[in-house]
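Below, each chain spelled out in residue letters.
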Amino acid sequence: MAKDLFSHVAHWVFDLDNTLYPPESRLFSQIEPRMTAWVMQTLGVPEAEANRLRLHYWKTYGTTLAGLMREHDVDPGPYLHDVHQIDFSVLTPDPDLAARIRALPGRRIVYTNGTSPYAEEVLAARGLSGLFDAIYGVEHAGFLPKPERAAFEAIFARDGTDPARAAMFEDDPRNLAAPHAMGMRTVHVAPEQLLADHIHHHTNDLGRFLSTLT
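Asks: Provide a residue-level description of the packing of helix H2 (residues 28-43) against helix H3 (residues 47-61), including the pertinent values.
Replies: Relative orientation of the contacting elements H2 and H3 amounts to 110°, with a least axis distance of 8 Å. In terms of axis orientation, H2 runs roughly perpendicular to H3. The element H2 and its partner H3 pack so that their crossing is right-handed. Contact with H2, carried on its side by Glu32, Met35, Thr36, Val39, Met40 and Leu43, involves Glu47, Ala50, Asn51, Leu53, Arg54 and Tyr57 of H3 and no other residues of that element. For the contact of H2 with H3, the class distribution of residues is seven nonpolar, two polar and three charged.

Asks: Could you give an account of the nonpolar core, naming the residues involved and the relevant values?
Replies: Among the nonpolar cores identified, the biggest contains 49 residues, and Leu20 and Phe169 are the most heavily contacted of them. Ranked by residues supplied to this core, first place goes to helix H7 (residues 116-125) with five residues. Beyond its immediate stretch of four places on either side in the chain, Phe169 contacts Phe6, Trp12, Val13, Phe14, Asp15, Thr19, Val187, Val189, Leu206, Phe209, Leu210 and Leu213.

Analysis parameters
Residues numbered from 1 in each chain as written. Predicted model: local features only at pLDDT ≥ 70, side-chain atom pairs only at ≥ 80, totals over all residues. Heavy atoms only, no water. Axes fitted to C-alpha atoms, helices over the stretch in contact; angles between N-to-C directions. Helix = DSSP H or I, 4+ residues; strand = E, 2+ residues; numbered from the N terminus. Parallel < 35°, antiparallel > 145°, perpendicular 65-115°, else oblique. Left-handed = near helix turned anticlockwise from the far one by under 90°. Contact = heavy atoms within 4.5 Å. Nonpolar A, V, L, I, M, F, W, Y, C, P; charged D, E, K, R; others polar. Core = buried A, V, L, I, M, F, W, Y, C linked by side-chain atoms within 4.5 Å. Buried < 20%, exposed > 50% of the residue type's maximum accessible area, 1.4 Å probe, protein only.

So, in structure tokens, the structure goes:
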């Protein structure tokens, strides 16, 4: 049945973090302290306040960076470079997922609120390099992040994605609202299912889900 619901899809859009690798890898346990340290240094606030701001900006603007840019005019380049200086060896290759992605008919892209160089590192560690036609980071949307609809529109216009013939795979349910409104089929990739009108499908195993589509 799932295969029939995706028979029209010719554009496959994948988020990166906690979507193309399992949450148990805990990359953000490395990234978040670097974000907090950046906020502490840049704004001159103690750690507790920096953590509060980091979470506040993420909830309010979609990413911590978006809040820093809007409220403090932070230069995104150095921030993005610094927070992604992490150990990728915690990730392991997933040959089954690679095979499932390779079998998808049509165009395959990665779209992340991180940067494209960071995405390349993650994909290499997961054994997923060379499977995607394009990799887009927040820099390709003018640093406007998901879940902003304008961010999706910028990326899809750049790539030539037809939302009516596209599917979006994403761990953050907020980031599926705009794709749903644009006419995409949406898949929430997360340990726990969330029932919402803008979420069409849920899976806690991306490879297994993709195996039902080809």
